[in-house]
Number of protein chains: 2
Amino acid sequence: MTTPSPASPTAAPDSVTIMGAGLVGSLLSLYLARRGHAVQVFERRPDPRRADVHEGRSINLALSDRGWKALGGVGVANDIRQVGIPMSGRVMHDVHGNLTRQPYGHEGQAIYSVNRGHLNRRLLDLAEGQTGVQVHFGQQCLGIDLKTKELRLRDTETRQEHTAPYQRLFGTDGAFSAVRAALQRTDRFDYSQDFLDYGYKELTIAAGPGGAWQFEKNALHIWPRGQYLMIALPNLDGSFNCTLFFPFEGPESFAALQTPADVTEFFTRVFPDATPLMPALTEEFFAHPTGSLVTVKCFPWKYDDDVLLLGDAAHAIVPFYGQGMNAGFEDCTVLNQLLDQHGDAAWADIFAEFQAQRKPNNDAMADLAIYNFVEMRDRVADPRFLLQKKIEAKISTQFPGRWVPLYSQVTFSDTPYAEAWAAGQRQDAIMARLMPHIQAEADYEQPAVQALVQQELAQQPAR
Amino acid sequence: MTTPSPASPTAAPDSVTIMGAGLVGSLLSLYLARRGHAVQVFERRPDPRRADVHEGRSINLALSDRGWKALGGVGVANDIRQVGIPMSGRVMHDVHGNLTRQPYGHEGQAIYSVNRGHLNRRLLDLAEGQTGVQVHFGQQCLGIDLKTKELRLRDTETRQEHTAPYQRLFGTDGAFSAVRAALQRTDRFDYSQDFLDYGYKELTIAAGPGGAWQFEKNALHIWPRGQYLMIALPNLDGSFNCTLFFPFEGPESFAALQTPADVTEFFTRVFPDATPLMPALTEEFFAHPTGSLVTVKCFPWKYDDDVLLLGDAAHAIVPFYGQGMNAGFEDCTVLNQLLDQHGDAAWADIFAEFQAQRKPNNDAMADLAIYNFVEMRDRVADPRFLLQKKIEAKISTQFPGRWVPLYSQVTFSDTPYAEAWAAGQRQDAIMARLMPHIQAEADYEQPAVQALVQQELAQQPAR
């Protein structure tokens, strides 16, 4: 293909344009280029592979089945798996440092801790190595003319403004999408952005001597504290990436921790086992920004057959189910399936079916992410809740295929999120009836309990 | 005060800036100027009083008690009342042209049909006649720099861009507010815009011979048809301003009416008494735009003590309770009360208290407006519903002050909207228990029913 300069790209008749070269945008560019489309990608930030570029976010992500499937679709799953650390369960840390382990699924099932920056750089390498893909960094989208089909861009180094025509535009520019902002001003565009009263702060648990992990390596660690929580995901170098999810205001909140002494006193008191392993705690606490947590919903996700939103631009969610990236990657899988079904020219049908299929599923995922916030910060510290999870695991083993725990459906399957959520709500109702009869794990074997379980499952809709 | 040119206004230390000179902006300018503030008003549209300016919207509005109170606060209520037409009740038209009348309140209570354009022009005359107010038309807000406190404006005639510094900025620029758009990009700003699947179309019932009204003058006319409705409000010249609220898509919808013959057939069939009085029907139907119906909610309404949103910019609602303008005017009343209480310098306290007080009330009003949509299009055609309303009127007469119908609390009082809505929900619950015992109006006098009413009212919270 020809190589237009970023200042005056001309759109070929069959070319597609992607705004945003984050995780979803760079993966999408691979899918579309491998189908033979010429792909122009514009990205606001500078190239993250340049030595002088500081990473904005060092957050770790949890890759699970939907993500792997999407990566597998362009043959890069094995490549990424090399740099992921499998986490086969949660380890809860109580205020005395006692640990409780809860497996995520069956033997051999795990989610993977992957560094966002690493994954993004790897996908960009693959995209730029792919015939037909051109990535232009430092291109801020100032606006879109939906009528003339032009992106208005500013080169962030030269400060020069220029326009780029598009035939087909994919908005993968994240939770604060400029592409979506243009759609928001069209008639009958439903939109909401809702912030939690919680913020987050990234901190570090240091590696031990010789790069050893100071807590169990193959687990996601949680310090549930009722109204707030801290989590930690393992890094390859032996350290853990911690995130504190904490109220903005109140007696225990970001607002209440004003000095290094405040921070040290608080952490020592509520996270006594982790704090001694966090030598940079107070420095990081005041140097790192306090992030906010937003849920974005909108509809439609398309404008005619010209523009389509995917990933966080269409459906940003809070991070508590570890599904934000996985949901965005699954968007790529589904779009690719629709291109297979309808052919690469039937964009109107494809865009319409894409949003009809993905909107209810990503709405359900948004609700699930809020639901899991309560579970992670509060319920996982409750012995009754942990007992219930053990009983659910027993039911699942006894009735294979007829009882798949909600977490497994979301994380270890590609069951549509809305179906998973509906099944999870039915299971919750059953467990609410069952648990009053169960005081200990062994009670599950009692004939009366077994009869109840049989009866409840008989009333379940066939899967 | 000095008179800066619109191209380079300089903000005096105690000056306030208002973006938007619609109904709420022009009324607010009067309130603030009469307190001694120097007021700069910028408005995107040209001066609506210029002979060559075509009115965008000819819609009639229903002024009720909250609106009158706000107009009274700057002494202009009597002036406006001269051009309003009192409507003391609803008149329902069925598909055979049969009429049913339902009074809005007690003898002497009415809402007023007022032309939006007339009201706006009158308020602008008053504002420009007020010492301290300067209105600049044709000034489109392109953006706001919240840090340097500058409005970025474009003169719509010269196309020149310029900036205007502000000390204190009030955003009264409507449902699609540019001021709010700037706040939307700040962290932790909750925002939603939700469109109904219904649009609206404005049409005209012509005046009769000699300027006579062809339906009852002092009423709001409704043609309820289950899934849609038409309403008509009287004009001073003998005509009525009609609005059809109608689905965008479906078997009976805007999408289904494609030709003049479609429109004539549909209107003749479903609005048989009105259609012969609408000589310009097909012409207007295709010439007038199809409007959309949006609910906007957001929070916070302020940015530090620099910027405050009021009216539709903070809380746009659907028009079915006739309270959009009244709610915006009440914002002015409340802001003025807070200035009285705190003094004209305590802006931080005033802004904080304003949004704390008004947010729950305007949220309740948004819900009420959707609630009344169902009532107007569907329930008012139901004889059981009309019987219930008669029974409620009897209870209200028998227990003065202890049972104020929801409609009266919203329309003929300044009870906070949230309190009115809560009381209305309690009343709905009582009527749901009472109505099974009542088949006709006279049943209300039966001892068993009277005993039930007494018992229900005894359980009501004291007002």
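From a predicted model like this one, the values you see are computed outputs, not experimental measurements. (Residues numbered from 1 in each chain as written. Chains lettered and ligands numbered in written order. Predicted model: local features only at pLDDT ≥ 70, side-chain atom pairs only at ≥ 80, totals over all residues. Heavy atoms only, no water.)

## Remarks on the overall build of chain A
What chain A contains, in helices and strands, is 14 helices and 19 strands. For chain A, whose C-alpha radius of gyration is 23 Å, the value lies close to the compact-globule estimate of 23 Å for 463 residues. Based on the C-alpha atoms only, the size of chain A along its principal axes is roughly 70 × 55 × 40 Å. Across the 463 residues that make up chain A, the buried fraction comes to 55%. Partitioning the contacts of chain A with sequence separation of at least 6, the portion at a separation of at least 24 is 70%. (Helix = DSSP H or I, 4+ residues; strand = E, 2+ residues; numbered from the N terminus. Rg over C-alpha atoms; globule rule 2.2 N^0.38 Å. Buried < 20%, exposed > 50% of the residue type's maximum accessible area, 1.4 Å probe, protein only. Contact = heavy atoms within 4.5 Å.)

## Some details on the domain arrangement of chain A
One can read the domain layout of chain A as domain 1 (15–85 + 113–193 + 295–370), domain 2 (197–292) and domain 3 (382–458). Using only C-alpha atoms to locate each centre, domain 2 of chain A and domain 3 of chain A end up separated by 33 Å. (Domains from an automatic or database assignment.)

## Focus: the relation of the copies chain B and chain A
Expressed as a screw transformation, the operator carrying chain B onto chain A has a rotation angle of 180 degrees and an axial translation of 0.0 Å, and the superposed copies differ by an RMSD of 0.0 Å. This pairing of chains is accounted for by a two-fold axis. Nearest to the rotation axis, the C-alpha of S192(B) is located 2.0 Å from it, this being the minimum over chain B. In this assembly the copies share their binding face: 100% of the residues contributing to the interface of chain B also contribute to that of chain A. (Least-squares fit on C-alpha atoms with pLDDT ≥ 70 in both.)

## Re the sheet that holds strand β9 (residues 139–145) of chain B
Residue and element names in this part refer to chain B. Pairing is antiparallel in the open sheet, where three strands are placed in the order β9-β10-β11. For this open sheet the edge positions go to β9 and β11 (161–165), each flanked by a neighbour on one side alone. Across the sheet, the axes of successive neighbouring strands diverge by a mean angle of 30 degrees, strand direction being ignored. The pairing of β9 with strand β10 (residues 150–155) spans six bridges and is classified as antiparallel. Bridging across to β10, G143 finds its partner in R152. (Pairing = 2+ DSSP bridges. Axes fitted to C-alpha atoms, helices over the stretch in contact; angles between N-to-C directions.)

## Examining the pattern of salt bridges
As a working rule, side chains carrying opposite charge can pair if their charged atoms are close by. Residue and element names in this part refer to chain B. Applying the stated rule across the entire model yields 53 salt bridges over all chains. As a salt-bridge pair, R35 and D344 come within 2.9 Å of each other at their nearest N and O atoms. In this pair, R35 sits in the loop between α1 (23–34) and β2 (38–42) while D344 sits in the loop between α9 (324–342) and α10 (347–377), placing the two residues 309 residues apart along the sequence. (Salt bridge = Lys/Arg side-chain N within 4 Å of Asp/Glu carboxyl O.)

## Considering unusual backbone geometry
Residue and element names in this part refer to chain A. Backbone torsion omega between F299 and P300 reads 0 degrees, so that peptide bond is classified as cis. Among the secondary structure elements, P300 is positioned in the loop between β17 (291–299) and β18 (302–303). With a phi close to 45 degrees, D304 is a non-glycine residue in the positive phi region. Examined against the element boundaries, D304 turns out to sit in the loop between β18 and β19 (307–309).

## Points about the UniProt feature "domain: FAD-binding" (unreviewed entry) in chain A
Mapped onto this numbering, the UniProt entry gives "domain: FAD-binding" (unreviewed entry) at residues 15–185 and 304–367 of chain A. Segment residues 304–367 of chain A splits into 69% helix and 5% strand. End C-alpha atoms: 28 Å apart. (UniProt positions renumbered as here; feature names shortened; annotations may be inferred.)

## Quick notes on the nonpolar core
If you look at the biggest cluster of nonpolar residues, it comprises 149 residues, and the most contacted ones within it are F170(A) and F170(B). In this view, F170(B) contacts V16(B), T17(B), I18(B), M19(B), L28(B), L32(B), L308(B), L310(B), L335(B), W347(B) and F351(B); residues no more than four positions away in its chain are not counted. (Core = buried A, V, L, I, M, F, W, Y, C linked by side-chain atoms within 4.5 Å.)

## So, the packing of aromatic side chains
Under the defined criterion, the tally for this structure stands at 55 aromatic pairs over all chains. Seen from their ring centres, F254(B) and F285(B) are 6.0 Å apart, and the 35 degrees between their planes marks the pair as tilted. Taken together, the positions of F254(B) in the loop between β16 (240–247) and α6 (260–270) and F285(B) in helix α7 (residues 281–287) put the pair 31 residues apart, joining distant regions of the chain. Judged by relative accessible area, which is 9%, F254(B) ranks as buried. Among the aromatic side chains, those forming a connected cluster through ring pairs are Y228(A), F246(A), F248(A), F254(A), F266(A), F267(A), F271(A), F285(A) and F286(A). The ring of W68(A) has R81(A) lying over it, and the distance from NZ or CZ to the ring centre is 4.1 Å. Of note, R377(A) hangs over the ring of F373(A), and the distance from its end group to the ring centre comes to 4.6 Å. (Phe/Tyr/Trp six-rings, centres within 6.5 Å; stacked < 30°, edge-to-face > 60°. Lys NZ or Arg CZ within 6 Å of the ring centre and 35° of its normal.)

## A word on the packing of helix α10 (residues 347–377) of chain A against helix α13 (residues 417–434) of chain A
Residues and elements named next belong to chain A. Contact geometry for α10 and α13: axes closest at 7 Å, N-to-C directions at 45 degrees. When the axes of α10 and α13 are compared, the pair comes out oblique. Between α10 and α13, the contacting residues are R358, P360, N361, N362, A364, M365, D367, L368 and Y371 on the first element and Y417, A418, W421 and D428 on the second. (Parallel < 35°, antiparallel > 145°, perpendicular 65-115°, else oblique.)

## Describing the state of the cysteines
In total, this model carries zero disulfides over all chains according to the counting rule given. Just so you know, C332(A) is unpaired, no disulfide at all, and the nearest cysteine sulfur is the one on C298(A), 16 Å from it. Looking at C298(B), it has no disulfide partner, and the nearest cysteine sulfur is the one in C141(B), 15 Å off. (Disulfide = S-S within 2.5 Å.)

## Some words on the interface of chain B and chain A
In this complex, chain B contributes 13 residues to the contact, which on the side of chain A involves 15 residues. Across the chain B/chain A interface, buried area totals approximately 1400 Å², and carbon plus sulfur atoms make up 33% of it. The three residues of chain B that bury the most area against chain A are R188(B), Q193(B) and F195(B), which together make up 43% of that side's buried surface. Where chain B packs against chain A, one counts two salt bridges. Its salt-bridge partner being R188(A), residue E249(B) comes within 3.8 Å of it at the nearest N-O pair. The tally of links from chain B across to chain A stands at 11 residue pairs in polar contact (both at pLDDT 80 or more). (Buried area = accessible area lost by both parts, 1.4 Å probe. Polar contact = N/O pair within 3.5 Å; in protein donor to acceptor, adjacent residues only side chain to side chain.)

## A word on the side chain of Q102(A)
Residues and elements named next belong to chain A. Residue placement: Q102 occurs in strand β6 (residues 99–103). Of the residues examined, Q102 reaches a relative accessible area of 13% and is grouped as buried. If near-sequence neighbours (up to four positions away) are discounted, Q102 is found in contact with G89, R90, M92, V380, L386 and K389.

## Overview of the pairing of strand β8 (residues 133–136) of chain A
Residue and element names in this part refer to chain A. Neither face of β8 is open: one carries V133 and V135, the other Q134 and H136, and all of them are buried. As paired strands, strand β2 (residues 38–42) and β8 are joined by four bridges and run parallel to one another. Residue pairing in the sheet places F42 in a bridge with H136 of β8.

## A short note on α6(B)
Residues and elements named next belong to chain B. Where α6 is concerned, the buried positions are V263, F266, F267 and V270. Within α6, the buried residues cover an arc of 95 degrees as seen down the axis, which keeps them to one side. Structurally, α6 contributes buried residues whose contacts are with β13 (190–205), β15 (229–234), β16 and α7. (Arc of directions from axis to C-beta.)

## Re the packing of helix α2 (residues 65–72) of chain A against helix α9 (residues 324–342) of chain A
Residues and elements named next belong to chain A. Closest axis-to-axis distance for the α2/α9 pair is 8 Å, and the angle between their directions is 45 degrees. The angle between α2 and α9 places the two elements in the oblique class. Handedness of the α2/α9 crossing: left-handed. Contacts from R66, G67, K69, A70 and L71 in α2 reach N326, F329, E330, T333 and Q337 in α9. Of the residues that constitute the contact of α2 with α9, the class distribution is three nonpolar, four polar and three charged. (Left-handed = near helix turned anticlockwise from the far one by under 90°. Nonpolar A, V, L, I, M, F, W, Y, C, P; charged D, E, K, R; others polar.)

## Notes on the sheet that holds strand β9 (residues 139–145) of chain A
Residues and elements named next belong to chain A. Taken in spatial order, the three strands make up an open sheet running β9-β10-β11, and their pairing is antiparallel. The open sheet has two edge strands with one neighbour each: β9 and β11 (161–165). Here the average twist between neighbouring strands, direction ignored, is 30 degrees.

## Re α1(B)
Residue and element names in this part refer to chain B. In this model α1 runs 17 Å from its N-terminal to its C-terminal C-alpha over 12 residues, within 8% of the 16 Å that 1.5 Å per residue would give. Where burial is concerned, most of α1 is hidden: 11 out of the 12 residues are buried. Residues of α1 that are buried: L23, V24, G25, S26, L27, L28, S29, L30, Y31, L32 and A33. Backbone geometry just downstream of α1 places G36 in the positive-phi region, at approximately 100 degrees. (Expected span 1.5 Å × (residues − 1).)

## Comments concerning the confidence of the model for chain A
Residue and element names in this part refer to chain A. For chain A, per-residue confidence averages 93 on the pLDDT scale, and 95% of positions sit at 70 or higher. Overall, residues 1–13 carries pLDDT values under 50, and its contacts beyond four positions in sequence, including any with other chains, amount to 25 contacts. For this predicted complex, the interface confidence reaches an ipTM of 0.86, while the overall pTM sits at 0.89. (pLDDT = per-residue confidence, 0-100.)

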